[in-house]
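Report on the structure
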Amino acid sequence: MNRKLKVGLLGATGLVGQRFVTLLKDHPYFEVTVVAASKRSAGKTYFSTVNDRWKMNIPMPEYIKDFVVKNVYEIDTISKEVDFVFCAVDMDKTEIKKIEEAYAKHEVPVVSNNSAHRFTEDVPMVIPEINPEHLEIIPKQRERLGTKKGFIIVKPNCSIQSYVPAISALLKFHPTKILACTYQAISGSGKTFKEMPEILDNVIPFIPGEEEKSEGEPLKIWGHIEGNKIVCTKTPIITSQCIRVPVSDGHLAAVFVSFEKKPSKEEILNCFKTFKGKPQLLELPTAPRQFITYFEDEFRPQPKLDREMEKGMGVEVGRLREDSLFDYKFVCLSHNTLRGAAGGALLTAELLYREGYLD
Ligand SMILES: NC(=O)c1ccc[n+]([C@@H]2O[C@H](COP(=O)([O-])OP(=O)(O)OC[C@H]3O[C@@H](n4cnc5c(N)ncnc54)[C@H](OP(=O)(O)O)[C@@H]3O)[C@@H](O)[C@H]2O)c1
């Protein structure tokens, strides 16, 4: 490797941005050179604007404290100081689309946590273990944008990152229908218990936009490239309910699934155990060694006990059994701000780097 690539963090002051700051400390491929946020934070040091709202359970790394925060709209300046950016801003979708495209057109690849471009037909939405072949659409996207280097890639919503890996391990049995009910942590909305006291002793039965994402995004991930677009698969049919629960981190999903060719329980467990993808083969720095871990203990997985497995990049599964309406049911867990947000985006960038898309 010649030199570390320079990274800009758009939305660096937010919850996902803070995760990036911790994950990029001493990263072997990348180093942060720019942090950017809204005009409220711009011009201040990272420490002075974030210290009172630092939400990580480890201290703010020293390396970032004296960075002066830029405004994400300083696109001309920022694009000269970075090789690519991670984007995690909380803004109107139309505005996010414009900003991400503007960076790409300034020849800056954008690895996005936002939902704005998830259904743009030539923008890959990637879980690196599952659909790395979707990177092959990038040259087509560059043609549309008129860029040599710039492009946009997105990671999917955090709600699907536990059950989509588990079902992906079983695709050879052709799942036909899935019911997924998610029990989602409060950090998924960027909040802590202090900022969301109404969740204590409570559950909130609605998370705006989440069910549509949970039902639609897996179909793009399991889709295929046709010409200059990614075509969604039509099956399996997915229905979901997404509920906010009083948990700090870690989204749990109760999953029911039927198959065209019903596997045995042993076959399913073996598929979970042996499922791996390019991140494991390439030994990417952020890749979990064991992607899916199955618990025999009926009381697991639990967010509090198990969300940090494989540094928050693993997926945990338990309670696999036959069902009276579907073929099988089980429970899955993933860390929403690690695998489901900054960690997933970082793994995607590591894959892009190793596959030559960031050169
Ligand atoms: N939390 C999760 O688990 C999770 C998971 C997956 C995806 N995401 C997505 O990631 C994105 C960020 O989420 P988050 O939880 O980190 O949100 P957050 O904590 O509210 O942070 C939002 C960030 O956006 C910046 N921002 C807000 N308005 C802006 C504006 N007008 N111009 C420029 N920057 C602006 C904020 O800067 P200031 O500090 O200056 O206001 C801050 O850096 C969202 O799109 C979210 O849907 C979140």
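The shown structure was predicted, so the numbers you read here are calculated from the model rather than taken from an experiment.

**A word on the layout of surface pockets**
Considering only enclosed or pocket space, the largest pocket measures out at about 1400 Å³ in volume. The wall of the largest pocket is formed by 48 residues, among which Ala88, Val89, Asp90, Met91 and Asn114 lie closest to the centre. Elements represented by at least two residues in the lining of the largest pocket include exactly helix H1 (15-23), helix H4 (93-105), helix H7 (210-221) and helix H12 (338-354). In terms of residue count, H1 provides more of the lining of the largest pocket than any other element does, four residues in total. Of the residues belonging to the lining of the largest pocket, the class tally is 16 nonpolar, 21 polar and eleven charged. The wall of the second largest pocket is formed by 16 residues, among which Leu23, Pro285, Thr286, Ala287 and Lys311 lie closest to the centre. At the level of secondary structure, the elements contributing two or more residues to the lining of the second largest pocket comprise H1, helix H11 (309-312) and H12. The dominant element in the lining of the second largest pocket, judged by the number of residues it contributes, is H12, at three residues. Grouping the amino acids of the lining of the second largest pocket by side-chain chemistry returns eight nonpolar, three polar and five charged.

**What about the sheet that holds strand S6 (residues 152-154)?**
The sheet built from six strands is open, its strands ordered S3-S2-S1-S4-S5-S6 with parallel pairing. Both edges of this open sheet fall to strand S3 (70-71) and S6, since each of them pairs with a single strand only. Of the pairings in the sheet, the one linking strand S1 (residues 5-10) to strand S2 (residues 30-37) comprises six bridges and is parallel in character. Paired with Lys6 across the strands is Glu31, a residue of S2. Running at roughly 155° to strand S5 (residues 110-112), H4 makes contact with S1, strand S4 (84-87), S5 and S6 of the sheet.

**Examining the pairing of strand S13 (residues 315-322)**
Note that strand S12 (residues 292-295) and S13 share four bridges and pair parallel. In the sheet register, Ile292 faces S13, and the bridge partner there is Val315. Pairing of S13 with strand S14 (residues 328-334), which is carried by six bridges, proceeds in the antiparallel orientation. Note on S14: the bridge partner recorded for Glu322 is Tyr328. Two successive antiparallel strands, S13 and S14, enclose a turn made up of five residues.

**Focus: helix H8 (residues 265-274)**
Restricting attention to buried positions, one finds in H8 the residues Ile268, Cys271 and Phe272. All buried residues of H8 lie within an arc of 100° about the axis, which places them on one face of the element. Turned more than 90 degrees off the buried face of H8, the exposed positions are Glu266 and Lys273.

**So, the nonpolar core**
If you look at the biggest cluster of nonpolar residues, it comprises 54 residues, and the most contacted ones within it are Tyr103, Phe272 and Phe330. What Phe330 contacts, discounting residues up to four positions off in sequence, is Ala166, Ile167, Ala253, Ala254, Val255, Val257, Phe272, Val317, Gly318, Arg319, Leu320 and Arg321. Counting residues in each nonpolar core, the second largest holds 43 residues, with Phe67, Ala342, Leu347 and Tyr357 among its members.

**Let's talk about the sheet that holds S13**
The sheet built from six strands is open, its strands ordered S10-S7-S11-S14-S13-S12 with mixed pairing. The open sheet terminates on both sides in strands that have one partner only, identified here as strand S10 (237-244) and S12. Across the sheet, the mean angle separating the axes of adjacent strands is 20° when strand polarity is ignored. Pairing analysis gives eight bridges linking strand S7 (residues 175-184) to strand S11 (residues 251-259), with the strands arranged antiparallel. Across the sheet, the residue bridging to Cys181 is Ala254, located in S11. Here H7 sits on the sheet in contact with S7 and S10, set at roughly 145° to S10.

**Some thoughts on a positive patch on the surface**
Taken together, the side chains of Lys39, Arg40, Lys44 and Arg53 present a region of like positive charge at the surface. With respect to the secondary-structure elements, Lys39 resides in the loop between S2 and helix H2 (46-50). According to the relative accessible area criterion, Lys39 is exposed, its value standing at 72%.

**A closer look at the packing of aromatic side chains**
Following the criterion strictly, the structure yields twelve aromatic pairs and no others. For the ring pair Phe173 and Phe259, a centre distance of 6.3 Å and an interplane angle of 85° mean the geometry is edge-to-face. Placement of Phe173 in the loop between helix H6 (163-168) and S7 and of Phe259 in strand S11 is noted, with a sequence separation of 86 residues between them. Accessibility classification places Phe173 together with Phe259 in one group, the buried group. Centre to centre, the rings of Phe275 and Phe291 are 5.9 Å apart; their planes meet at 35°, and the pair counts as tilted. Taken as a pair, Phe275 in the loop between H8 and helix H9 (278-281) and Phe291 in the loop between H9 and S12 lie far apart in primary sequence, 16 residues in all. Judged by relative accessible area, Phe291 falls into the buried class, the value being 1%. Taken together, the ring pairs in this structure connect Phe20, Tyr29, Phe30, Phe84, Phe86 and Tyr353 into an aromatic cluster. The ring centre of Phe326 lies 5.3 Å from the NZ or CZ of Lys177, which sits over that ring. The ring of Phe119 carries the charged tip of Lys220 above its face, separated from the ring centre by 5.9 Å.

Rules behind the numbers
Residues numbered from 1 in each chain as written. Predicted model: local features only at pLDDT ≥ 70, side-chain atom pairs only at ≥ 80, totals over all residues. Heavy atoms only, no water. 1 Å grid on protein atoms, 1.4 Å probe; cavity = no way out; pocket = protein on both sides within 12 Å on 5 of 7 lines; lining within 4 Å. Points joined across faces, edges and corners; volume = space filled by probe spheres on them. Helix = DSSP H or I, 4+ residues; strand = E, 2+ residues; numbered from the N terminus. Nonpolar A, V, L, I, M, F, W, Y, C, P; charged D, E, K, R; others polar. Pairing = 2+ DSSP bridges. Contact = heavy atoms within 4.5 Å. Axes fitted to C-alpha atoms, helices over the stretch in contact; angles between N-to-C directions. Buried < 20%, exposed > 50% of the residue type's maximum accessible area, 1.4 Å probe, protein only. Arc of directions from axis to C-beta. Core = buried A, V, L, I, M, F, W, Y, C linked by side-chain atoms within 4.5 Å. Patch = residues over 30% accessible without salt bridge, like charges linked within 9 Å, V, L, I, M, F, W, Y side chains within 5 Å. Areas by Shrake-Rupley, 256 points an atom, 1.4 Å probe, with all protein chains shown as cover. Salt bridge = Lys/Arg side-chain N within 4 Å of Asp/Glu carboxyl O. Lys, Arg positive; Asp, Glu negative; His and termini not counted. Charge placed at Lys NZ, Arg CZ, Asp CG, Glu CD. Phe/Tyr/Trp six-rings, centres within 6.5 Å; stacked < 30°, edge-to-face > 60°. Lys NZ or Arg CZ within 6 Å of the ring centre and 35° of its normal.

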